[in-house]
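Examination of the molecular architecture
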Amino acid sequence: MRENGAVTSATRQPETPTAATPPRLIATDLDGTLLRDDKSVSPRTVAALAAAEEAGIEVFFVTGRPARWMDVVSDHVHGHGLAICGNGAAVVDLHGGPGAHRFVKVRELARENALDAVRLLREAAPGTMYAVEQTYGFYQEPEYPKMHMEVPDALAPAERLLAPDAPGADEPVLKILAFHPTLDPDAFLTVARLAIGDRANVTRSSPSALLEISGPDVSKASTLALCCAERGISHEEVVAFGDMPNDVEMLTWAGRSYAMGNAHPDVVAAASGQTVANNDDGVAVIIEELLAERLRSEGRDR
């Protein structure tokens, strides 16, 4: 059922391949979804992605990761070379390999909104620590734990990092990372969404109490919708995969969607179907089924 053009997760019903529109684009999250827990892309998944592209189905990686963490899949973007990073904050061309990515589309978080979000969340959840993700830079508060691969470009309070004369002030802010050392992750997400309101979009993809704060209208779903519109692809022609709350909007928007066997309960509720866990190649399993159904359909049409 659709209300005002949106799909509500409470009314999503599983679809069978024969009842669904033939897919033109596959949109898949990476961590906990396409990638195994060791961050590898299995041979079975590599083969399934290649087979989908060979059949004329585009594959988009849609991730919370920053562009510089995309090396693990840069060899698998095939023809178009594009990936959606930062929970929709950037569309990146990965052609050229590691370190040579190019930003095709940037949907930044205005510094005024970012400062408001930091202030409001500090008041609602004292003890929150912040990091700032920009197009090419990464900055954090001194107390922010070492949770990421790189050494930060600068250490300072978030208010200083977001000031007009801050280091990297000439680069767009893609998202704010907010960590709390003691709050339950889902409770922290609820508190943050209530506190920040429409100043920014708040989600999470980590098992810890780490939130990701983006521009007010920025999500995996909204940026994927823009990319699909540019290609003349409708949401009914999209098959999406995910495992965490930052995937919910995308799974709800797509014509057909699958929660991984290891998915968060909110993701299971939002998706129209479910597959096996990431370590069992759940994305590949569904792609293989889609391609097999296409072959059967073509055989019936002959």
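Rules and cut-offs
- Residues numbered from 1 in each chain as written.
- Predicted model: local features only at pLDDT ≥ 70, side-chain atom pairs only at ≥ 80, totals over all residues.
- Heavy atoms only, no water.
- Helix = DSSP H or I, 4+ residues; strand = E, 2+ residues; numbered from the N terminus.
- Buried < 20%, exposed > 50% of the residue type's maximum accessible area, 1.4 Å probe, protein only.
- Contact = heavy atoms within 4.5 Å.
- pLDDT = per-residue confidence, 0-100.
- Expected span 1.5 Å × (residues − 1).
- Arc of directions from axis to C-beta.
- Pairing = 2+ DSSP bridges.
- Axes fitted to C-alpha atoms, helices over the stretch in contact; angles between N-to-C directions.

1. A look at the environment of Ile286
- Relative to the elements of secondary structure, Ile286 occurs in helix H9 (residues 282–301).
- Here Ile286 falls in the buried class, since its relative accessible area comes to 5%.
- Through-space distance from the C-alpha of Ile286 to that of Ala48 is 9.2 Å; in sequence the pair is 238 residues apart.
- Discounting chain neighbours no more than four positions away, the residues touching Ile286 are Phe241, Tyr258 and Thr275.

2. A short note on the confidence of the model for the protein
- For the protein, the mean per-residue pLDDT works out to 88, and 87% of the residues sit at or above 70.
- Between residues 1–18, whose pLDDT stays under 50, and residues either more than four places distant or in other chains, the model counts 32 contacts.

3. Concerning helix H2 (residues 43–54)
- With twelve residues, H2 extends 16 Å between its outermost C-alpha atoms, agreeing within 8% with the 16 Å of an ideal straight helix rising 1.5 Å per residue.
- Turning to H2, its buried residues number three or more, namely Thr45, Ala48, Leu49, Ala52 and Glu53. The buried residues of H2 occupy one face: seen down the axis, they fall within an arc of 135°. Exposed residues on H2 whose side chains face more than 90 degrees from its buried face are Pro43 and Glu54.
- Looking one or two residues past H2, Gly56 carries a phi angle of roughly 90°, positive in sign.

4. Concerning the sheet that holds strand E14 (residues 238–242)
- Taken together, the eight strands give an open sheet; going across it, the order is E7-E6-E5-E4-E3-E14-E15-E16, and neighbouring strands pair in mixed fashion. Looking along the sheet, the strands with just one partner apiece sit at the ends: strand E7 (102–106) and strand E16 (273–274).
- Pairing of strand E3 (residues 25–28) with E14 involves four bridges; the strand directions are parallel. Bridging from a neighbouring strand, Ala27 pairs with Ala240 of E14.
- Taken strand by strand, H2 contacts E3 and strand E4 (58–62), and its axis lies near 130° from that of E4.

5. Section: the sheet that holds strand E8 (residues 129–134)
- Spatially, the six strands line up as an open sheet ordered E10-E9-E8-E11-E13-E12, and their pairing is mixed. Looking along the sheet, the strands with just one partner apiece sit at the ends: strand E10 (154–155) and strand E12 (201–203).
- Relative to strand E9 (residues 138–140), E8 runs antiparallel, the two being bridged by three bridges. Note that in E9 the partner of Val132 across the bridge is Tyr139.
- Strands in contact with helix H3 (residues 111–124) are E8, strand E11 (173–179) and strand E13 (210–214); relative to E8, the strand with the most contacts, it is inclined by about 165°.

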